[in-house]
Amino acid sequence: MAIKRNATARWEGSGKDGKGTLTTASTVLNESQYSFNTRFAEGVGTNPEELVAAAHAGCFSMKLAFNLQGAGFTADSIETKGVVTLDTDSGSISGSHLTVKASVPGISKDQFDELVADAEKNCPISKLFNTNITVDAELNS
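Below, the structure is looked at part by part. This one's a predicted model, so the numbers in the text were calculated from it and none came from an experiment. (Residues numbered from 1 in each chain as written. Predicted model: local features only at pLDDT ≥ 70, side-chain atom pairs only at ≥ 80, totals over all residues. Heavy atoms only, no water.)

## Points about the overall build of the chain
When helices and strands are counted, the chain shows four helices and six strands. What you see in the chain, going N to C, is helices and strands ordered as β-β-β-α-α-β-β-α-α-β. Dimensions of the chain along its principal axes, counting C-alpha atoms only, are 55 × 35 × 25 Å. By the burial criterion, 28% of the 141 residues in the chain qualify as buried. (Helix = DSSP H or I, 4+ residues; strand = E, 2+ residues; numbered from the N terminus. Buried < 20%, exposed > 50% of the residue type's maximum accessible area, 1.4 Å probe, protein only.)

This is the structure in structure tokens:
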């Protein structure tokens, strides 16, 4: 079985002076604005790297939840922050760093770290990347 998801990007104008919108099929993003300033400065709107960071954090959190479930644990909470680094000199993503804080009753730090490492390598978004992926994980009792 294959699941397909889609989104549409619309761009008008030049790279630096133009502007665009992003719309997802679910309409969670509905003509969300992006531009040179939202990507390379601090303009209002989103950018591809921010969306990739959200996708990676969300995918990792869900994979970790499944890993925990498979090991007989249920998280009270998992909060993951994703930071994607765009190297403007090479025009490539040079890394994705995840910081996860989780509260999981009854799990040892070693068990938790093992399940985090698996999620880091095996969430579908991690598998998509051809970049360095790092994770800092904190287990709250």
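Back to the text.
## Some words on the nonpolar core
F60, L64, L68, V104, I107 and F112 are the most contacted members of the largest nonpolar core, which totals 16 residues. Counting residues per element, the ones that place at least two in this core are helix 2 (48-70), strand 5 (92-103) and helix 3 (109-122). With sequence-adjacent residues up to four places away left out, I107 is seen in contact with L68, F73, F112, L115 and L139. (Core = buried A, V, L, I, M, F, W, Y, C linked by side-chain atoms within 4.5 Å. Contact = heavy atoms within 4.5 Å.)

## What about the packing of helix 2 against helix 3?
Two numbers describe how helix 2 lies on helix 3: the axes approach to 9 Å, and their chain directions differ by 135°. In terms of orientation, helix 2 lies oblique with respect to helix 3. Considering how the two elements wind past one another, helix 2 and helix 3 form a crossing that is right-handed. Across from F60, K63, L64, N67 and L68 in helix 2, the residues of helix 3 making contact are F112, L115, V116, D118, A119, E120 and N122. A class-by-class count of the residues in the contact of helix 2 with helix 3 yields seven nonpolar, two polar and three charged. (Axes fitted to C-alpha atoms, helices over the stretch in contact; angles between N-to-C directions. Parallel < 35°, antiparallel > 145°, perpendicular 65-115°, else oblique. Left-handed = near helix turned anticlockwise from the far one by under 90°. Nonpolar A, V, L, I, M, F, W, Y, C, P; charged D, E, K, R; others polar.)

## Looking at the state of the cysteines
Tallied over the entire structure, the rule returns zero disulfides. Cysteine C59 is unpaired, with the sulfur of C123 as its nearest cysteine sulfur at 3.4 Å. The class for C123 is buried, based on a relative accessible area of 0%. (Disulfide = S-S within 2.5 Å.)

## Describing the pattern of salt bridges
Evaluation of the coordinates by the stated rule reveals four salt bridges. Across the pair R10 and E12 runs a salt bridge, and its minimum N-O distance is 3.0 Å. Judged by its relative accessible area of 52%, R10 is exposed. A salt bridge links R39 to E49; the shortest N-O distance between them is 2.5 Å. Of this pair, R39 sits in helix 1 (residues 36-40) while E49 sits in helix 2; the two residues are 10 residues apart in sequence, bridging distant segments of the chain. (Salt bridge = Lys/Arg side-chain N within 4 Å of Asp/Glu carboxyl O.)

## Considerations on the pairing of strand 2 (residues 19-24)
In strand 2, alternate side chains face the same way, and those of G20, L22 and T24 are buried while those of K19, T21 and T23 on the opposite face are not. Where strand 1 (residues 7-12) lies against strand 2, six bridges are found, and the strand directions are antiparallel. Of the residues in strand 2, the one forming a bridge with R10 is T21. Turn length for the strand 1-strand 2 hairpin, with the two strands adjacent in sequence and antiparallel, is six residues, and the turn residue G13 shows positive phi of about 95°. In this sheet, strand 3 (residues 32-35) lies alongside strand 2 in antiparallel orientation, the contact comprising four bridges. Within the sheet, the bridge partner assigned to L22 lies in strand 3 and is S32. (Pairing = 2+ DSSP bridges.)

## A closer look at the environment of V100
Secondary-structure assignment places V100 in strand 5. For V100, a relative accessible area of 0% translates into the label buried. With residues up to four places along the chain from it excluded, the contact list for V100 reads F60, L64, I78, E79, T80, V135, D136, A137 and E138.

By themselves, these are just geometric observations and shouldn't be taken as functional.
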